[in-house]
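As a plain string of letters, each chain reads:
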Amino acid sequence: MVVTVAATGSDTAEPLHSTTFASRYVRDQLPRYRMPEGSIPKEAAYQIISDELMLDGNPRLNLASFVTTWMEPECGKLIMDSVNKNYVDMDEYPVTTELQNRCVNMIAHLFNAPIGEDETAIGVSTVGSSEAIMLAGLAFKRKWANKMKEQGKPCDKPNIVTGANVQVCWEKFARYFEVELKEVKLTEGYYVMDPKKAIEMVDENTICVAAILGSTLTGEYEDVKLLNDLLVEKNKKTGWNVPIHVDAASGGFIAPFLQPELEWDFRLPLVKSINVSGHKYGLVYPGVGWVIWRSKDDLPDELIFHINYLGTDQPTFTLNFSKGASQIIAQYYQLIRLGFEGYKHIMENCKLNAAVLKEGIDATGRFDVLSKADGVPLVAIRLKDSTNFSVFDISENLRRFGWIVPAYTMPADAEHVAVLRIVIREDFNRSLAQRLLADINKIVRELDAHAVHAIKLSNAAAAEGASKSTVDAVTEAFKGLAGNKKAGVC
Ligand SMILES: Cc1ncc(COP(=O)(O)O)c(C=O)c1O
């Protein structure tokens, strides 16, 4: 079964045509969905594939994603040098394993894990925050089940309390591992989890409350400190011991540098695990993530597998077995190359670029800005008036200029709010911000003109005695409303 659907527009079963360049080497067409009978020269294979890939968007203009699209060439070289190393061969590649452990410890210290002088941190590298969240969730589920069994209570209805703004990986975890997701609904004007409402939803079957440091939808940080304080009180009253996980996929590599005083991490006693995406503001190409536990007690032993057939005894706690080692090496490069100072400068610059873009967008007078200054550096906006066109129309039109900016509707209970989100990464500079602003302004003017034209046409149709339904159809057709269309965000 093919579960991915590509939007290339080439949905026919036609054979793949060889390109002008590749026709130098191949004369026959390549079948699209079957392995070709014969071989082709390496130059032809390269040319055919790289020509097809030209039709992908330009990653640097992909403002839909938090994921890193630029790294220094020196790190690129390290990545290529280690691309043939399987991370899981720890006995064969002990230095890579050591680099991973150094990263885990550096990140755990960044998150203020209570690690004694002669202790090492507890954590692992993952493919991204999604795998990290699956592992953290499994640890919570097992710990809770063990406690319930000890108390002779049923353990077949675990739940997690989150905001309805959680990223899809939480929904995946819930469905794959049979945990109910109890979502605190959003309201217009408040697009993150309300800690007070979350606490009301906590019960004896709650394996953890998940807070987000940097909501995917608006970049806003949830109030983890307030959540912790309210949960401490609730636990005291009920005798439960419900913990907190912080999904710091983006914010984990931002807040420590820009707001070191903000308490969201292991300084709060109920925070037992934290995930962060190395490939987002950790500044590494996809896919690397990290999950860190507060202490050894928070990771049940029975989830750790021990293998010895690759050499010595190796403990592993991952969903996958094999994976590439280069992203871990690249993470280590960034941590030692940039240091605290380097990350701080880059995050400050991203924040400044987001502020410049926000100012320019404010100046148009056409949008409300939903993102906050202290959060993930992004600009999330909604139209003040979407009678004549929607943010989906703006998103679609921005594609004409090469920009990839997603539009989407908010989750329950704010589904009627449609948002355009521009993510600022390290490689998005001030002149690109100015160019993007100019293009947004141009598109808004065009869409305005389009709407005026539609109104004139429908007035003319009405004057000529067309029926109301015809007039309405003309108006709608020209508005070009994108209906309920959603673009994925990550
Ligand atoms: C808050 C949050 N959690 C989890 C994820 C999933 O992260 P990854 O893509 O690293 O698996 C994302 C992705 O954007 C996110 O924004």
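These numbers were taken from a predicted model, which means no experiment stands behind them.

S.K.: For this particular structure, what's the right way to read the overall build of the protein?
M.R.: When you go through the protein residue by residue, the secondary structure sums to 12 helices and 13 strands. Residue pairs in contact within the protein that sit at least 24 positions apart in sequence constitute 69% of those at least 6 positions apart.

S.K.: Would you mind going over the nonpolar core with me for this structure?
M.R.: Within soluble globular proteins, side chains that are nonpolar generally end up buried alongside one another. Ranked by internal contacts, the top residues of the largest apolar core, which has 119 residues, are Ile107, Val209, Ala211, Ile244, Val246, Ile292 and Val419. Counting residues per element, this core draws most heavily on helix α9 (residues 326-364), which supplies 12 residues. Both domains that furnish three or more residues to this core are identified here as domain 1 (77-338) and domain 2 (350-479). If sequence neighbours within four positions are ignored, isoleucine 244 has contacts with Cys208, Val209, Ala211, Val224, Leu227, Asn228, Leu231, Leu270, Val271 and Lys272.

S.K.: Can you help me understand the sheet that holds strand β12 (residues 407-409) in this one?
M.R.: For sheets, the rule is that strands pair by backbone hydrogen bonds, running either parallel or antiparallel. Taken in spatial order, the 4 strands line up as β10-β11-β13-β12 in an open sheet, and their pairing is antiparallel. In this open sheet, the two strands that pair with only one neighbour each are β10 (367-369) and β12. The mean inter-strand angle of the sheet, taken between neighbouring strand axes irrespective of direction, is 35°. Direction of pairing for strand β11 (residues 378-383) relative to strand β13 (residues 418-423): antiparallel, over a ladder of 4 bridges. Bridge pairing in β13 links alanine 380 to arginine 421. Contacting β10, β11 and β13, α9 crosses the sheet at an angle of about 15° to β11. Sitting on the sheet, helix α10 (residues 391-398) is in contact with β11, β12 and β13, with an inclination near 35° to β13.

S.K.: What's the story with the site of the ligand in this structure? I'm lost.
M.R.: Around the ligand, a shell composed of 14 residues is seen, among which Gly128, Ser129, Ser130, Thr216 and Ala249 lie nearest. Classifying every residue of the shell around the ligand gives 5 nonpolar, 8 polar and 1 charged.

S.K.: Any chance you could explain the packing of helix α4 (residues 129-150) against helix α5 (residues 168-176) here in plain terms?
M.R.: To describe two helices that pack against each other, one gives the angle between their axes and the distance between the axes. Where α4 contacts α5, the two axes come as close as 9 Å, and the packing angle between them is 40°. Judged by the angle between their axes, α4 and α5 are oblique. Our pair here, α4 against α5, has a crossing hand that is right-handed. Contacts between α4 and α5 involve Ser129, Ser130, Ile133, Met134 and Gly137 from the first element and Cys169, Trp170 and Phe173 from the second.

S.K.: Which parts of the structure should I look at to understand the sheet that holds strand β5 (residues 244-247)?
M.R.: A sheet is described by the order of its strands in space; here 7 strands give the open sequence β1-β7-β6-β5-β4-β2-β3, paired in mixed fashion. Each edge of the open sheet carries a strand with a single partner, namely β1 (122-126) and β3 (180-184). Strand-to-strand twist across the sheet, computed as the mean angle between neighbouring axes with direction ignored, equals 20°. Where β1 and strand β7 (residues 289-293) come together, 5 bridges link them in antiparallel fashion. Residue threonine 126 lies in a different strand from β7, and its bridge partner there is glycine 289. Across the face of the sheet, α4 comes into contact with β1, β4 (206-212), β5, β6 (271-277) and β7 while running at roughly 165° to β6. Relative to the sheet, helix α7 (residues 224-238) contacts β4, β5 and β6, its axis offset from that of β5 by approximately 170°.

What counts and how
- Residues numbered from 1 in each chain as written.
- Predicted model: local features only at pLDDT ≥ 70, side-chain atom pairs only at ≥ 80, totals over all residues.
- Helix = DSSP H or I, 4+ residues; strand = E, 2+ residues; numbered from the N terminus.
- Contact = placed C-beta atoms within 7 Å.
- Core = buried A, V, L, I, M, F, W, Y, C linked by C-beta atoms within 7 Å.
- Buried ≥ 20, exposed ≤ 12 C-beta atoms within 10 Å, placed from the backbone.
- Domains from an automatic or database assignment.
- Pairing = 2+ DSSP bridges.
- Axes fitted to C-alpha atoms, helices over the stretch in contact; angles between N-to-C directions.
- Near = placed C-beta within 6 Å.
- Nonpolar A, V, L, I, M, F, W, Y, C, P; charged D, E, K, R; others polar.
- Parallel < 35°, antiparallel > 145°, perpendicular 65-115°, else oblique.
- Left-handed = near helix turned anticlockwise from the far one by under 90°.

This is a description of form; function is not addressed.
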